Amino acid sequence: MIARWGGIVLSLLCASCAKQGDLPPPLAARVAAIDATSLFQSQSVGAPVVGMPWIAHLRAADLDRDGLADVLVCDARANAVTWVRQTAPGRFAETTLAADIPSPVHVEAVDLDGDGDLDVLVASLGQIFPNNDRIGAVIVLENDGQHRFSKRILLDRVARVSDVQAADLDGDGQLDLAVGQFGYDQGEIRWMRNLGGWKFESRNLLNLSGTVNVCISDFTGDGHPDIAALVSQQWEEIHLFTNDGRGNFSGKVIFGSTNEDFASSGLRIADLNRDGKPDLLFTNGDGFGPTPQPGPRPWHGVQWLENRGSGKFQFHRIADLPGAYAPLGVDLDGDGATDVVALSAFNEWTKPGAVAMVWYRNDGKQNFTPHILAHRPTHLLTVDAADFSGDGRPALITGAFHAYPPYRDMSRLTLWRRARP
């Protein structure tokens, strides 16, 4: 997280492989933003703000499968993974699942051992600040079925791990892992074949520093799960690794920028045009780079790669957004079109008009109109959506990472529910 997760946070097209260069001003950026700050009501959940919170990642998940949405949290300042459990509708209690995970930066709920309950899969960066040491790890918190969790280290002593995702990549019925390693000067992308009995065999896909996220889906439409990865640092590329169904991958670059300060910050799957093919949403807005002062850059923004089939993608710029982070596809207004929500982690927070969270409303034809959802709290880094109220409407949950001043308008975890008419 410093100098892009030391790299990522703080520092953290196409069918051709040509670099895209500096992006032209998008049409969406010339559309006047709509003030929609009254649409959502905010509520602080979980532990109170103490000091300067470093929430590196969160994921909405019904961990206890009681029908109420919960939140899994990576608290990088506390070196802890926590569970914000919804004990009753609208009532939350936060407990610590593991308090000894160095700089956890990604978390997923997945039944990794196939025993019918959800385990917690964690990417451990090892240290937020830049470091070339092999201090990264992949960890699972194994659920015994009674919501007691035991820590298992699946991979350690490797370049800092920024993301881990689970899927059956070789067709043997067991969940394997795709792992992104940011490192610093050295990093990797690997997949870990599940041998059973909590044993995994690593296979390398790429040796580049700066991987921010990995995503798994059938991007080519051949019935096999592929891997997409966002690689920052000086590379500023999105790679696609196509799978033959047996865990043999072929890689290519599907997006790249010639701007070494493009500042890639997040990648997520979303079918924006609802054609059944998984697209890729991504942001560039990391605020640390060649200049010593963190903050926005003119080229920061939100974009998507439209999946045209057979491993081909078309680039679309959605909008400019200073300090853009955490792209999320969600039908926020229930009109049947997939909208986009994005945060600003790095902005000019001394200015009252600085934007913290934006909803890009999709008209169903992939024309996006920006709606400002919040100016405060500031330094928002991670967001997810779920039905927290049981009314069928998605709410948003955000986490803040206060790594640079001003240290005011702070939050830790905030739940945003649609206001009643």
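Conventions adopted
Residues numbered from 1 in each chain as written. Predicted model: local features only at pLDDT ≥ 70, side-chain atom pairs only at ≥ 80, totals over all residues. Heavy atoms only, no water. Core = buried A, V, L, I, M, F, W, Y, C linked by side-chain atoms within 4.5 Å. Buried < 20%, exposed > 50% of the residue type's maximum accessible area, 1.4 Å probe, protein only. Helix = DSSP H or I, 4+ residues; strand = E, 2+ residues; numbered from the N terminus. Contact = heavy atoms within 4.5 Å. 1 Å grid on protein atoms, 1.4 Å probe; cavity = no way out; pocket = protein on both sides within 12 Å on 5 of 7 lines; lining within 4 Å. Points joined across faces, edges and corners; volume = space filled by probe spheres on them. Nonpolar A, V, L, I, M, F, W, Y, C, P; charged D, E, K, R; others polar. Pairing = 2+ DSSP bridges. Salt bridge = Lys/Arg side-chain N within 4 Å of Asp/Glu carboxyl O. Axes fitted to C-alpha atoms, helices over the stretch in contact; angles between N-to-C directions. Phe/Tyr/Trp six-rings, centres within 6.5 Å; stacked < 30°, edge-to-face > 60°. Lys NZ or Arg CZ within 6 Å of the ring centre and 35° of its normal.

A. Broad picture of the nonpolar core. By size, the foremost hydrophobic cluster in this structure holds 82 residues, and its most contacted members are Val120 and Leu177. Counting residues per element, this core draws most heavily on strand β9 (residues 136–143), at five residues. Filtering out sequence-adjacent residues up to four positions away, Val120 remains in contact with Leu63, Leu72, Val81, Leu97, Val107, Glu108, Ile139, Val140, Leu141 and Phe149. Formed by 16 residues, the second largest nonpolar core is a distinct cluster that contains Leu272, Ala342, Val358 and Ile372.

B. Representation of the environment of Pro298 within the structure. As for its placement among the helices and strands, Pro298 is situated in the loop between β20 (279–284) and β21 (301–309). On the basis of relative accessibility, which here comes to 70%, the residue Pro298 falls in the exposed class. Taking the C-alpha atoms as reference points, Pro298 and Val231, 67 residues apart in sequence, are found 20 Å from one another.

C. Summary view of empty space enclosed by the protein. Estimates place the volume of the largest cavity at around 50 Å³. The wall of the largest cavity is formed by Asn131, Asn132, Asp133, Arg134, Ala159, Arg160, Gly183, Tyr184 and Gln186. Considered class by class, the residues forming the lining of the largest cavity number two nonpolar, four polar and three charged.

D. Quick peek at unusual backbone geometry. With an omega of 0°, the peptide bond running from Arg376 to Pro377 counts as cis. Residue placement: Pro377 occurs in the loop between β26 (368–374) and β27 (380–386). Pro405 connects to Pro406 through a cis peptide bond whose omega is 5°. Looking at where Pro406 falls in the secondary structure, it is placed in the loop between β28 (395–400) and β29 (413–418). The residue Arg65 is not glycine, and still its phi comes out positive at about 55°. With a phi close to 50°, Ser103 is a non-glycine residue in the positive phi region.

E. View of the pairing of strand β5 (residues 80–88). By the bridge criterion, five bridges tie strand β4 (residues 70–75) to β5 in an arrangement that is antiparallel. In the sheet register, Cys74 faces β5, and the bridge partner there is Val81. With antiparallel pairing between neighbouring strands as the criterion, β4 and β5 make up a hairpin whose turn holds four residues, including Asn79 at a positive phi of roughly 55°. Examined bridge by bridge, β5 and strand β6 (residues 91–98) share seven bridges and lie antiparallel to one another. Paired with Ala88 across the two strands is Arg91, which belongs to β6. The turn linking β5 back onto β6 is made up of two residues, and Gly90 within it adopts a positive phi angle of 85°.

F. Main features of the pattern of salt bridges. The final tally for this structure, using the stated rule, is 23 salt bridges. Asp64 is the partner of Arg85 in a salt bridge, and the nearest nitrogen-oxygen pair spans 2.6 Å. Here Asp64 lies in the loop between β3 (55–61) and β4 and Arg85 lies in strand β5, a separation of 21 residues in the sequence. Between Arg148 and Asp144 there is a salt bridge, with its nearest N and O atoms 2.7 Å apart.

G. Region of the structure containing the sheet that holds β9. On the basis of which strands lie adjacent, the open sheet formed by four strands has the order β7-β8-β9-β10 and antiparallel pairing. Both outer strands of the open sheet, β7 (104–110) and β10 (149–158), are each paired with one neighbouring strand and no more. Averaged over neighbouring strand pairs, the angle between their axes works out to 15° when direction is ignored. Sheet topology places strand β8 (residues 119–124) next to β9; five bridges connect them, and they run antiparallel. Paired with Val120 across the strands is Leu141, a residue of β9.

H. Spotlight on the packing of aromatic side chains. Counted under the stated rule, the structure contains 12 aromatic pairs. Sitting over the ring of Trp54, Arg77 keeps its end group 4.2 Å from the ring centre.

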